[in-house]
Amino acid sequence: MQMPGKVRIVEVGPRDGLQNEKTQISTETKVELIARLGAAGLKSIETGAFVSAKWVPQMADSAAVMQHMVRLEGVNYPVLTPNLQGFEAALAAGAQEISIFASASESFSRKNINCSIAESLERFRPVMAAANSAGIPVRGYLSCVLGCPYEGEIAPLQVANVTAALYQMGCYEVSLGDTIGTGTPGKTLKMLEAVIKLVPVDKLAGHFHDTYAQALVNIYASLQMGVAVYDASVSGLGGCPYATGASGNVATEEVVYLLHGLGLETGIDLDALVSTSRWISEQLGRTPKASLALSAQATRLT
Ligand code: HMG
Ligand code: MG
């Protein structure tokens, strides 16, 4: 398998990053974050989730965020929708792309969306049908592909089967999530080998969390397998409310630094991204997780 010539990044900070913050982030701050990410050159920015506010209070203002954000030409602004109710709310708010999310782990599926894997797939069918009629592309997410906080190891074949189910249902791409960041390059390669037998590699994305500082090496391993799309979160914001111990997503600026270092074009302005990372960290009253955002000279080295 060859390294891809071009890589696409899906920025998930405003959703996967902020959904786990304890203090409520204002709609205004979210809107500004989305604007700054767009200005930095991100072409796909996940802006929110139409889920139950009782389950994830931080995403309760997703419709307001969509109403106030400025949409840039050529930029996608996907949102998560767990069921038809979420889809209808997203559509009413003006969503032009949605994501459905399943899990490779039965226990995680129940904790995250309160149903089994099979039930979740049944729940997604009407969402897919409604999205098709509205001409809305649907992305799929699969959680716990390299480990589950409740079950431990997840078999690569299980990951492959649920990925295939999402793809066959009509997802244009399935993002494979190492939700708790327990993956290593060896595990990543074994998992991808199994998945690629059932789903074309150009329909897959990698979604790595950096709990054990393995996210970038897992991306490097996935690049060798030909995976050309990666989810990342500015400043490494993130976690998952239903995945105990899940720390942040891989930081977008670190992924961009890696890709540019490999000679892979992203169209992203690293300086602007690093400033955004510093800015959002200030807003959240925390030190940036990504080492690049801490370094005054980092972007001058690229
Ligand atoms: P449920 O309680 O089983 O739902 O939750 P229900 O159908 O029985 O309805 C119960 C109540 O929820 C009702 O309200 C519904 O109206 C309401 P009540 O009558 O009690 O007032 N409800 C909704 N409200 C708003 N939006 C909706 C919606 N649906 C029902 N769409 C449900 C099921 C899926 C709704 C719930 O479990 C939920 O919202 N879960 C979301 C969890 C979540 O967002 N997790 C984080 C994202 S996944 C993730 O982070 C992993 C990922 O990043 C990849 C990775 O890292 O690996 C993607
Ligand atoms: Mg995630």
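All values derive from a computational prediction rather than experimental measurement. (Residues numbered from 1 in each chain as written. Chains lettered and ligands numbered in written order. Predicted model: local features only at pLDDT ≥ 70, side-chain atom pairs only at ≥ 80, totals over all residues. Heavy atoms only, no water.)

**Q** I'd like a rundown of the overall build of the chain, residues and numbers included.
**A** The secondary structure content of the chain amounts to 12 helices and eight strands. Relative to the 2.2 N^0.38 estimate, which gives 19 Å for 302 residues, the radius of gyration of the chain is 18 Å and therefore close to what a compact globule would have. Split into buried and exposed, the 302 residues of the chain put 56% on the buried side. Counting only contacts in the chain whose residues sit at least 6 apart along the sequence, the fraction spanning at least 24 positions is 75%. The chain carries 22 positive and 27 negative side-chain charges, and their two centres are separated by 3 Å. (Helix = DSSP H or I, 4+ residues; strand = E, 2+ residues; numbered from the N terminus. Rg over C-alpha atoms; globule rule 2.2 N^0.38 Å. Buried < 20%, exposed > 50% of the residue type's maximum accessible area, 1.4 Å probe, protein only. Contact = heavy atoms within 4.5 Å. Lys, Arg positive; Asp, Glu negative; His and termini not counted. Charge placed at Lys NZ, Arg CZ, Asp CG, Glu CD.)

**Q** Describe in detail the coordination of the magnesium ion (ligand 2), supporting the description with residues and values.
**A** Ideal geometry at a metal gives 109.5 degrees between four tetrahedral donors and either 90 or 180 degrees between six octahedral ones. Distances from the magnesium ion (ligand 2) to its protein donors, Asp16 (OD), His207 (NE2) and His209 (NE2), fall within 1.9 to 2.3 Å. In primary-sequence terms, the residues that donate to the magnesium ion (ligand 2) follow D-x190-H-x1-H. Neither residue differs from the other here; His207 and His209 are each classed as buried. (Donors = N, O, S within 2.8 Å, 3.2 Å for Na, K, Ca; no water.)

**Q** Quick one: what's the story with the environment of Trp55, residue by residue and with numbers?
**A** By the element assignment, Trp55 lies in the loop between β2 (48–49) and α3 (62–68). Judged by its relative accessible area of 32%, Trp55 is partly exposed. Residues Trp55 and Asn112, 57 residues apart in the sequence, show an inter-C-alpha distance of 8.6 Å.

**Q** I'd like a description of the packing of aromatic side chains, backed by residues and values.
**A** Overall, the coordinates contain zero aromatic pairs when judged by the stated rule. Between the NZ or CZ atom of Arg15 and the centre of the ring of Tyr141, over which it lies, the distance is 5.5 Å. Just above the ring of Tyr141 sits the side chain of Arg139; from NZ or CZ to the centre is 5.4 Å. (Phe/Tyr/Trp six-rings, centres within 6.5 Å; stacked < 30°, edge-to-face > 60°. Lys NZ or Arg CZ within 6 Å of the ring centre and 35° of its normal.)

**Q** Summarise the sheet that holds strand β5 (residues 138–143); cite the residues concerned and give the values.
**A** Read from one edge to the other, the open sheet built from eight strands follows the order β1-β8-β7-β6-β5-β4-β3-β2, with strand pairing classed as parallel. Here the strands that pair on one side only, and so sit at the sheet edges, are β1 (8–11) and β2. Direction of pairing for strand β7 (residues 204–208) relative to strand β8 (residues 229–232): parallel, over a ladder of two bridges. Along β8, the bridge assignment pairs Gly206 with Tyr230. Strands in contact with helix α10 (residues 252–261) are β1 and β8; relative to β1, the strand with the most contacts, it is inclined by about 175°. (Pairing = 2+ DSSP bridges. Axes fitted to C-alpha atoms, helices over the stretch in contact; angles between N-to-C directions.)

**Q** How would you sum up the side chain of Ser235? Please name residues and give values.
**A** On the secondary structure map, Ser235 appears in the loop between β8 and α10. For Ser235, the side chain forms a polar contact with the side chain of Ser281, separated by 3.1 Å. (Polar contact = N/O pair within 3.5 Å; in protein donor to acceptor, adjacent residues only side chain to side chain.)

**Q** Give me the lowdown on the site of ligand 1, citing residues and values where you can.
**A** Around ligand 1, the structure places 26 residues, and the nearest of them are Ser52, Asn83, Asn112, Asn114 and Thr179. Contact between ligand 1 and Val51: a nitrogen atom at 3.3 Å from a main-chain N or O atom of the residue. Protein chains shield 74% of the accessible area of ligand 1, which is 1,100 Å² for the free molecule. Taken together, the elements giving at least two residues each to the shell around ligand 1 come down to α1 (13–17), α4 (84–92), α5 (106–113) and β5. Considered class by class, the residues forming the shell around ligand 1 number 10 nonpolar, 12 polar and four charged. (Near = heavy atom within 4 Å. Areas by Shrake-Rupley, 256 points an atom, 1.4 Å probe, with all protein chains shown as cover. Nonpolar A, V, L, I, M, F, W, Y, C, P; charged D, E, K, R; others polar.)

**Q** Before we move on, can you summarise the nonpolar core with the specific residues and values?
**A** Among the nonpolar cores identified, the biggest contains 92 residues, and Ile98, Ile100, Leu142, Val159, Leu166 and Leu176 are the most heavily contacted of them. The residues contacting Leu142, other than those within four sequence positions of it, are Ala102, Ser103, Ala104, Val159, Val162, Thr163, Leu166, Val174, Ser175, Leu176 and Gly177. (Core = buried A, V, L, I, M, F, W, Y, C linked by side-chain atoms within 4.5 Å.)

**Q** Tell me about the environment of Gln85, residues and numbers included.
**A** Residue position: Gln85 is located in helix α4. Since its relative accessible area comes to 65%, Gln85 is described here as exposed. It is 9.7 Å that separates the C-alpha atoms of Gln85 and Ser52, two residues lying 33 residues apart in sequence.

**Q** For helix α6 (residues 117–134), give the residues involved together with the corresponding values.
**A** The end-to-end C-alpha distance of α6 is 26 Å, a good match for the 26 Å that 18 residues give at a rise of 1.5 Å each. What α6 keeps buried is the set Ile117, Ser120, Leu121, Phe124, Val127, Met128 and Ala131. Looking one or two residues past α6, Gly135 carries a phi angle of roughly 70°, positive in sign. (Expected span 1.5 Å × (residues − 1).)

As far as function goes, none of this settles anything; it's purely spatial.
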